[in-house]
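Each chain is listed here by its residues.
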Amino acid sequence: MKTIIEPFRIKSVEPIQFTTREQREKALDVAGRNVFLLHADDVIIDLLTDSGTGAMSAAQWGAIMQGDESYAGSRSYYRFESVVRDLTGYKHIIPTHQGRAAERILFHNILKPGDIVLNNTHFDTTRANIEVEGAEARDLVVAEGRIPSAVLPFKGNVDLVALEKALREDGDRIRLVMVTITNNSGGGQPVSIENLRGVRALCDRYKRPFFLDACRFAENAYLVKMREPGQEHRTPKEIAQEIFRLADGCTMSAKKDGLANIGGFLAMNDDRWAESCRNLLILTEGFPTYGGLAGYDLEAIAQGLVEVVEEPYLRYRIQSIKYLAEKLDAAGIPTVKPSGGHAVYIDARAMLLHIAPLEYPGIALVNALYVEAGIRCVEIGTVMFGLHADGTETPAPMDLVRLAVPRRLYTQSHIDYVAEAAIEVAKRKDSLTGLRITEAPSALRHFTARFAPVGVRETVGAATR
Ligand SMILES: *Cc1c(COP(=O)(O)O)cnc(C)c1O
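Rules used in this analysis
Residues numbered from 1 in each chain as written. Predicted model: local features only at pLDDT ≥ 70, side-chain atom pairs only at ≥ 80, totals over all residues. Heavy atoms only, no water. Helix = DSSP H or I, 4+ residues; strand = E, 2+ residues; numbered from the N terminus. Buried < 20%, exposed > 50% of the residue type's maximum accessible area, 1.4 Å probe, protein only. Core = buried A, V, L, I, M, F, W, Y, C linked by side-chain atoms within 4.5 Å. Contact = heavy atoms within 4.5 Å. Pairing = 2+ DSSP bridges. Right-handed = clockwise from strand over helix to strand, strands pointing away.

1. A look at the environment of A422
With respect to the helices, strands and loops of the structure, A422 is situated in helix α16 (residues 412-427). A relative accessible area of 4% means that A422 is categorised as buried. Taking the C-alpha atoms as reference, A422 lies 9.7 Å from I346; in sequence the two are 76 residues apart.

2. Some details on the nonpolar core
Formed by 60 residues in total, the largest nonpolar core has its most connected members in L324, L328, I346, L365, Y370, V401 and L403. Per-element tally for this core: the top contributor is helix α14 (residues 361-373), with nine residues. Residues within four places of L365 in sequence aside, it is in contact with I346, A348, M351, L352, V401, V425 and L432. Grouped together as the second largest cluster of nonpolar side chains are 58 residues, Y77, V84, I243 and I301 included.

3. Some thoughts on the pairing of strand β5 (residues 174-180)
A large share of β5 lies buried, amounting to six of its seven residues. Where strand β3 (residues 116-119) and β5 come together, three bridges link them in parallel fashion. Along β5, the bridge assignment pairs L118 with V177. Bridge count for β5 against strand β6 (residues 210-213) is four bridges, and the pairing is parallel. Residue pairing for β6: V177 is matched across the bridge by F210. A crossover connection joins β5 to the parallel β6 through helix α7 (residues 193-205); in handedness this β-α-β unit is right-handed.

In structure tokens form, the structure reads like this:
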């Protein structure tokens with residue numbers, strides 16, 4: 001059979017609330033044209049993120065009932081630890097309430113002002129947690145990783161020539177080399193095992209520690225199996241196990257490939273770093289055997305990490321992303337090629353050539369998709385990455401709109417609806433206008449900034465002030 005079906009039946013359903021175009025226009029206006037500020041009940045299909053939004057399995061809900069809520073040494077922690085250790089091989093496994101907590105604890109312990117962290121592409125919370133320590137987050141993705149239309153298998157790879165140059169020239173200032181698998185902010189593109197081996201070899205030569213940002217390790221492992229010569233006969237789990245063992249530790253959000261609604265962990269081999277990380281964990285998250293999570297959360301994550309590397313699940317997961325990408329492609333909508341692990345990324349800059357990058361073509365498209373059909377997605381572009389620590393603003397390398405697909409949540413007809421809406425918006429793309437920011441915080445501004453269309457006077461009050 002050629003049709004790849006959802007490898008599950010639905011046991012429990014959650015109704016969707018429908019809205020009219022007029023209701024959505026009003027809701028978006030109240031939200032300052034920032035879809036992060038909408039009430040989720042006003043959203044029909046929510047593709048804002050695949051983080052913590054997936055459906056858990058019957059086995060996970062069953063495991064939740066087995067949760068041991070002992071403050072210290074709970075049975076659920078030991079189950080969690082044994083699953084994570086089997087997968088990663090790391091000596092110290094420290095639970096946290098989500099990925100950014102792992103980042104904050106790691107970076108606060110190891111970075112000082114002037115230090116540098118290298119990565120293929122830093123995710124937004126990773127970058128922010130490095131910069132808040134006064135350190136530099138430097139991206140070294142291969143050049144083709146910045147060209148949305150280039151069809152290549154591993155556009156998340158690290159530029160090893162640039163990595164070696166940085167290691168040679170910046171020496172002791174480089175505290176850590178990281179690789180994000182898959183490369184979320186660069187379009188969900190995978191990293192090859194060959195490239196990760198190259199990073200390991202350079203880190204050994206220059207004696208620098210190497211960590212993974214492992215949030216989507218299972219999707220990366222499956223894409224390696226599909227695309228990397230010599231890997232096709234291995235299981236996704238075997239590939240993931242090798243990848244983890246190439247690094248010295250990882251940060252992880254269990255809200256992604258943990259198949260859970262909350263949780264994460266920090267894991268590493270270094271005893272000294274682990275001790276200082278545990279001390280900070282106790283201060284800000286909780287005792288080291290629960291790290292800000294309930295015992296039942298640890299159970300859900302442990303079971304999720306078992307399910308996420310199963311091949312029928314990964315085959316369906318990757319296919320469902322490809323299905324949406326192919327529909328948009330057939331309609332001539334420019335997307336990041338080839339489709340990656342968890343999302344389809346529309347190249348809003350290429351689609352809306354009449355909107356300058358500093359007038360946020362990504363936000364214009366996000367807003368149009370919401371008004372058209374109640375679909376919520378996110379700009380990954382100049383609003384997210386264009387503002388620098390010194391207060392200046394420049395266009396981000398790309399202006400993308402990410403349609404992230406939650407795990408096991410939506411069916412094929414939901415995805416057909418999304419494709420139809422995108423195609424309708426594309427037909428009248430020349431009528432979309434750019435935006436300007438009217439209010440924004442100094443860091444992570446994309447979450448709370450408010451916008452107004454360019455060329456439209458602010459409000460009567462402001463104009464007469
Ligand atoms: C989601 C994510 C994070 C942060 O994890 P949270 O659980 O959202 O705090 C870090 N890195 C990458 C690549 C991510 O996708």
